[in-house]
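# A closer look at the structure
If you want the building blocks of each chain, they are given just below.
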Amino acid sequence: MTTALVLGPGGVVGTAWTAGLAVGLRRAGVDLAGADLIVGTSAGAIVGAMLTTGQDLERFGSLPGTAGPEAPTPAARPTRLNEVFAVLGDRSLEPAEALRRVGRIALAAETGDEEARRSRMAALTGADWPEHRLLITTVDVESGERRVWSRDDAVPLASAVAASSAMPGVYPPVTLDGRRYMDGALAGGGHADLTAGAGTVVLIEPLAHLFPQDAGAGTPALRIVPDGAAIEAFGPDLHDHAASPASYGAGVRQAADVAVAIQNVWHANRL
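None of these values were measured; they are calculated from a predicted model.

## Points about the packing of helix α2 (residues 43–52) against helix α6 (residues 157–164)
For the pair α2 and α6, interaxial distance at closest approach is 7 Å and the crossing angle is 155°. Judged by the angle between their axes, α2 and α6 are roughly antiparallel. Crossing geometry of α2 relative to α6 is assigned as left-handed. Seen from α2, the contacting residues are Ala 45, Ile 46 and Ala 49; seen from α6, they are Leu 157, Val 161 and Ser 164.

## Some details on a nonpolar patch on the surface
A contiguous nonpolar surface patch, about 350 Å² in accessible area, is contributed by Phe 85, Leu 88, Leu 210 and Phe 211. Inspection of the secondary structure puts Phe 211 in the loop between β7 (200–204) and β8 (221–224). A relative accessible area of 39% means that Phe 211 is categorised as partly exposed.

## Brief notes about the side chain of Ser 143
Mapped onto the elements, Ser 143 comes out in the loop between β3 (133–140) and β4 (146–149). Given a relative accessible area of 19%, Ser 143 falls into the buried group. Of note is the side chain of Ser 143, whose polar atom sits 3.1 Å from the backbone nitrogen of Glu 145. Every residue in contact with Ser 143, bar those within four places of it in the chain, is listed here: Ala 96, Arg 100 and Arg 179.

## A closer look at unusual backbone geometry
Unlike most non-glycine residues, Asp 177 shows phi in positive territory, near 55°. You can see Asp 177 is positioned in the loop between β5 (174–176) and β6 (179–183). Notably, His 191 is not glycine yet its phi reads approximately 65°, a positive angle. Relative to the elements of secondary structure, His 191 occurs in the loop between β6 and β7.

## With respect to the pattern of salt bridges
This structure, assessed with the given rule, holds 15 salt bridges. Salt-bridge contacts for Arg 101 lead to Glu 97; the nearest nitrogen and oxygen are separated by 2.9 Å. With Arg 101 and Glu 97 both in helix α4 (residues 95–108) and four residues apart, this pair spans about one turn of that helix. The residue Asp 152 makes a salt bridge to Arg 133 at a minimum N-O spacing of 3.7 Å. Taken together, the residues span a long stretch of sequence, with Asp 152 in the loop between β4 and α6 and Arg 133 in strand β3 at a distance of 19 residues. What you see here is one network of salt bridges that share partners, running through Glu 97, Arg 100, Arg 101 and Arg 104.

## Section: the environment of Thr 52
By the element assignment, Thr 52 lies in helix α2. In this structure the C-alpha to C-alpha distance between Thr 52 and Trp 129, which are 77 residues apart in sequence, comes to 8.5 Å. For Thr 52, the side chain forms a polar contact with the main-chain oxygen of Gly 48, separated by 2.9 Å.

## A short note on the pairing of β6
Sheet topology places β3 next to β6; three bridges connect them, and they run antiparallel. Its bridge partner lying in β6, Thr 138 is registered against Asp 183. In terms of strand pairing, β5 meets β6 through three bridges, oriented antiparallel. Each residue of the ladder has a partner; that of Val 174, found in β6, is Tyr 181. In sequence, β5 turns back onto β6 through a hairpin of two residues, with Asp 177 there showing a positive phi of about 55°.

## Re the packing of aromatic side chains
Considering all chains together, one arrives at two aromatic pairs under this definition. Ring centres 6.5 Å apart and planes at 80° place the aromatic pair Trp 17 and Phe 234 in the edge-to-face group. A residue pair is termed long-range when its members are at least 10 positions apart, and Trp 17 in helix α1 (residues 11–27) and Phe 234 in helix α7 (residues 228–234) qualify at 217 residues. By relative accessible area, Trp 17 is classed as buried at 0%. Taken together, a centroid distance of 5.3 Å and an interplanar angle of 90° make the contact between Trp 149 and Tyr 181 edge-to-face. Taken together, the residues Trp 149 in strand β4 and Tyr 181 in strand β6 connect sequence positions 32 residues apart. Side by side, Trp 149 and Tyr 181 carry an identical accessibility label, which is buried. Over the ring of Tyr 171 we find Arg 117, and its NZ or CZ is 3.7 Å from the ring centre.

Thresholds, definitions, all that
- Sequence order as written defines the numbering, with residues in each chain counted from 1.
- Note on the predicted model: pLDDT of at least 70 is required for a residue's local features to be given, and 80 or more for side-chain atom pairs to be given and counted; whole-chain, interface and lining totals, by contrast, use all residues.
- Hydrogens and waters are ignored; side-chain quantities use all the structure's heavy atoms.
- Axis angles are defined between N-to-C directions and span 0 to 180 degrees, where every axis is a line fitted to C-alpha atoms and, for a helix, only to the segment in contact.
- Labels follow the DSSP assignment, with helices taken as runs of H or I lasting at least four residues and strands as runs of E lasting at least two, numbered in each case from the N terminus.
- Roughly parallel means an angle under 35 degrees; roughly antiparallel, over 145; roughly perpendicular, 65 to 115; everything else is oblique.
- The hand of a helix crossing depends on one turn: near helix anticlockwise from the far one by less than a right angle means left-handed, and clockwise means right-handed.
- Contact criterion: two residues are considered in contact whenever any of their non-hydrogen atoms come within 4.5 Å of each other.
- In this analysis, a patch consists of residues with relative accessible area above 30% that form no salt bridge, clustered at 9 Å for like charges and at 5 Å for the nonpolar side chains Val, Leu, Ile, Met, Phe, Trp and Tyr.
- Throughout, the Shrake-Rupley method with a 1.4 Å probe supplies accessible areas, and for residues the shown protein chains are the sole cover considered.
- Salt bridges are defined as contacts in which a side-chain nitrogen from Lys or Arg sits within 4 Å of a carboxyl oxygen from Asp or Glu.
- Buried means the residue's accessible area, taken with a 1.4 Å probe over protein chains only, is under 20% of the maximum for its type, while exposed means over 50%, and partly exposed covers the values in between.
- Pairs of N or O atoms are called polar contacts if they sit within 3.5 Å, as long as, within protein, a hydrogen donor faces a hydrogen acceptor (for residues adjacent in sequence, only side-chain-to-side-chain pairs).
- Note on pairing: two strands pair once DSSP finds at least 2 bridges between them.
- Any two rings among Phe, Tyr and Trp, with Trp reduced to its six-membered ring, count as a pair given centres within 6.5 Å; such a pair is stacked if its planes are under 30 degrees apart, edge-to-face if over 60, and tilted if neither.
- As a reminder, the over-ring test applies to NZ of lysine and CZ of arginine, requiring each to be within 6 Å of the ring centre and within 35 degrees of the ring normal.

Read these as geometric descriptors, not functional statements.
The structure is reproduced here in structure tokens:
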């Protein structure tokens, strides 16, 4: 029997909240890195990589501009994001076609330098994949298909994480193995289906209040979502770096409320 942890997308504020939650849980005696399998998408890919490579998650509690992923290029960001969500919300489009159109938006947006994005992500995650079983999700900008990466693939960890968190209109698509990839969240939230066969699945979903997701494969499942204080800390802009420290603090505080629940389901699975 195995335990699986699904870390979902959440933008800058969701990254900070998830990091704070992980730090608070560790202080309470629960190490999320102890899961047998971790699936990370976007914000979850950042935190999952940092968890499994032993990086310092407490940096997300620092003042804006001193920690975390770089601030996105502001040029045309709201317009591009509105285009993305308009396409994704168009029910006349097949899902794959909608993602291909979003991919074209991603390629056309002026969102900074891909190599700079890789370098900044490497400073967060480290260079090498962990021995731990870690899956990172992305979406191919041309085909609209999901692509899942692990240490078995010949790509740098930081590049896979940069691609997984490359929201169109905010960050540039990232080249992996000769193709361009964008945010894995676009193809299905946290991708809990990748945990099929696990005895216990714990889902951490920073955006559950905005985009409810089916728990998917793997039972029993424990869902952890932001409480009211965390949602207030997030504010209206998911990519607001100024809200990062408060979001981190909300995660640390909320950890006390969920630590026992996680201990119970993981302990029960290993009996």
